[in-house]
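# Descriptive structure summary
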Amino acid sequence: MPKDTSNLSPEAFEQASVPLATARSMPAGFYTSPEFFERERKEILLKNWFFVGREDELPDPGDYRAFDTVGGPAILIRSQTGELQAFANFCRHRGSILLEGKGNCKRIVCPYHAWSYLSDGTLYGCPDMEDAEGFDRVENGLVPIRMETWAGFIFLTYNDTARPLLEHLGDLPARMSSHRPDAMRCTWKIELDCACNWKLLLENAMETYHTGTVHRDSVGAQTSRTIATRGDWLCIQVLSDRSIATLQDDMPTLPRIDGLDENAQKGTYFTVIHPTCQLVFAQDCMWWLNVTPRAHDRSTLEIGGCFPEAAVGRTDFVQMAAPYYERWEIVGREDMSILEKQQRALSSVHFCPGPLSGRDDQVQALGLWVLAQLGVV
Ligand code: FES
Ligand SMILES: [Fe+2]
């Protein structure tokens, strides 16, 4: 008789938590159980900071972007006085979605009964509400979502008591300061639907063990070293004098960022900012793999790329940047394809956790962070 495949037992988590040399991977239910996912949603995803984009994507008053989050639909919008804010994307009358996609507007008009809101979230127009007793316009503005930024990266949280973003990020801002992320601009983004658990995407981002096989025909085999961190993030560095943000060695690359510190010059930093964001810093650019968990076996992966303002201002920038975009998309799709195979395999009634390699150290660290948040270890 096959054993219970989800096997979310204390013994399974203990086996995953012992020192790496004898540790095993997480039990299947860590990735396949809808109940476990619901627990993560409440205890991790709704309690922590999650990345939603760059400030420079919304430069002008009235610029907005609507997107889905783990806490439902949300809007980022820049007010007429230039302040960027995040709101829940629902109308205070009877709850229609207000905005879709991205664009610019002076007022947000609800597509259902035409209530309207200013770009700072205040309720502006609400026809035929004279009979509603005690109705107060001021109380019926859009519902704000807590937002904080670092170096142009925007993070939101549904947790009013979450510690400040900079405390969450620990020494990440110092480590990446010589890349001058505040002076970068987002120039490219794509979104992919992945039939896999959110943690598989992030674990994959934290090891180079798979690169020689999964990325055989693109970036090829890589080696990395683990960088010690302080705060809620993990880091590995892939050592290479040349930026690994394009595919071919003979491809002309954009110039290095001026003033990179000694360690930053040695290679590319791959990070995971717990729980769902990967930021990557190369010698000439940065990119992200940002995960929005949808269900236990479904996630959205957004890949975005940024370059220094000086590079973006070059007359040949569009042509120079094209190979970077191509590389990010090819490698992202290669990863997604193997992770979907992994998700399918985890549903085997015979699945049992496997032994870890020394190169899986950050995979183990990521899983243990999740368990610690749930109070399991
Ligand atoms: S739901 Fe928006 S005006 Fe009615
Ligand atoms: Fe990969």
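The structure we're discussing is the one just above.
A few points on the structure. (Residues numbered from 1 in each chain as written. Chains lettered and ligands numbered in written order. Predicted model: local features only at pLDDT ≥ 70, side-chain atom pairs only at ≥ 80, totals over all residues. Heavy atoms only, no water.)

### Side note on the overall build of the protein chain
Note the threshold: Only DSSP runs of H or I reaching four residues or more are called helices, and only runs of E reaching two or more are called strands; each is numbered from the N terminus. Accessibility here uses a 1.4 Å probe with only protein chains present; expressed as a share of the type maximum, an area under 20% marks a residue as buried, one over 50% as exposed, and anything in between as partly exposed. Residues are treated as being in contact if the distance between any of their heavy atoms lies within 4.5 Å. Each accessible area value is a Shrake-Rupley result obtained with a 1.4 Å probe; residue values ignore everything except the protein chains displayed when judging cover. In this tally Asp and Glu are treated as negative and Lys and Arg as positive; neither His nor the chain ends contributes. Positions of charges follow a simple convention, taking NZ of Lys, CZ of Arg, CG of Asp or CD of Glu.
In terms of regular secondary structure, the protein chain is built from 10 helices and 17 strands. If you line up the protein chain on its principal axes, its C-alpha atoms span 70 × 60 × 35 Å. A total of 377 residues make up the protein chain; the buried ones form 53% of that total. Sequence separation of at least 24 residues holds for 65% of the intrachain contacts in the protein chain that already meet a minimum separation of 6. Counting every atom, the protein chain has about 17000 Å² of accessible surface; 50% of that belongs to carbon and sulfur. Positive and negative charge centroids in the protein chain, built from 36 and 51 side chains respectively, lie 2 Å apart.

### So, the coordination of the iron ion (ligand 2)
As a reminder, the rule being used: Any nitrogen, oxygen or sulfur atom within 2.8 Å of a metal ion counts as a donor, with the limit raised to 3.2 Å for Na, K and Ca, and since water is left out, coordination shells can look unfinished. Just to be clear on the cut-offs, tetrahedral is four donors with all angles between 85 and 135 degrees, square planar is four donors and octahedral six with opposite donors over 155 degrees apart and all others between 65 and 115, and anything else goes down as irregular.
Coordination of the iron ion (ligand 2) by the protein comes from H210 (NE2), H215 (NE2), D335 (OD) and D335 (OD), over a distance range of 2.1 to 2.5 Å. Around the iron ion (ligand 2) sit 4 donor atoms; with metal-centred angles ranging over 56 to 146°, the donor geometry is irregular. Assessed through its relative accessible area of 9%, D335 is described here as buried.

### A few points about the sheet that holds strand β5 (residues 102–104)
Heads up, the rule is: Paired strands are those between which DSSP finds at least two bridges. In this description, a line fitted to the C-alpha atoms serves as the axis of each element, helices being fitted only across the stretch in contact, and the angle between N-to-C directions of two axes falls anywhere from 0 to 180 degrees.
Pairing within the open sheet is antiparallel, and its 7 strands lie in the order β1-β10-β9-β4-β3-β2-β5. Whereas interior strands pair on both sides, the edge strands pair on one side only; in this sheet they are β1 (50–54) and β5. With strand direction ignored, the average angle separating the axes of adjacent strands in the sheet is 30°. Pairing of strand β3 (residues 72–78) with strand β4 (residues 84–88), which is carried by 5 bridges, proceeds in the antiparallel orientation. Bridged to R78 within β4 is L84.

### Regarding the sheet that holds strand β8 (residues 123–125)
Sheet strands pair via backbone hydrogen bonds, and the direction of the pair is either parallel or antiparallel. Strands sit in the order β6-β7-β8 across an open sheet of 3 strands; the sheet is antiparallel. The outermost strands of the open sheet, each flanked by one partner alone, are β6 (107–109) and β8. With direction set aside, neighbouring strand axes in the sheet form an average angle of 35°.

### Here's the deal with a negative patch on the surface
Our working definition: Only residues whose relative accessible area exceeds 30% and that form no salt bridge enter a patch; like-charged residues are grouped when within 9 Å of one another, and nonpolar side chains (Val, Leu, Ile, Met, Phe, Trp, Tyr) when within 5 Å. Salt-bridge detection follows one rule: a side-chain nitrogen of Lys or Arg within 4 Å of a carboxyl oxygen of Asp or Glu.
There is a patch of like negative charges on the surface, built from D128, E130, D131 and E133. A relative accessible area of 81% places E133 in the exposed class.

### Concerning the packing of aromatic side chains
Here the distance between the centres and the angle between the planes together describe a pair of aromatic rings. Our working definition: Think of it this way: a Phe, Tyr or Trp ring, Trp meaning its six-membered ring, pairs with another when their centres are within 6.5 Å, and the plane angle makes it stacked under 30 degrees, edge-to-face over 60, tilted otherwise. A ring has a charge above it when a Lys NZ or an Arg CZ is no more than 6 Å from the ring centre and no more than 35 degrees off the ring normal.
With the rule as written, the count across this model stands at 21 aromatic pairs. Judged by centre distance (5.5 Å) and plane angle (55°), the ring pair of F51 and F155 falls under tilted. Separated by 104 residues along the polypeptide, F51 in strand β1 and F155 in strand β10 (residues 153–157) bring together distant segments of the chain. You'll find F51 and F155 in the same group, each marked buried. Ring centres 5.1 Å apart and planes at 25° place the aromatic pair W150 and F153 in the stacked group. Of the two residues, W150 and F153, both sit in the buried class. An aromatic cluster of at least three residues, connected via ring pairs, comprises W188, F270, W287, F307, F317, Y324, Y325 and W328. A cation sits over an aromatic face here: R54 above F153, 4.5 Å from the ring centre. Seen from the ring of F30, K199 lies directly overhead, with NZ or CZ sitting 4.4 Å from the centre.

Bear in mind that shape data such as this cannot, by itself, settle questions of function.
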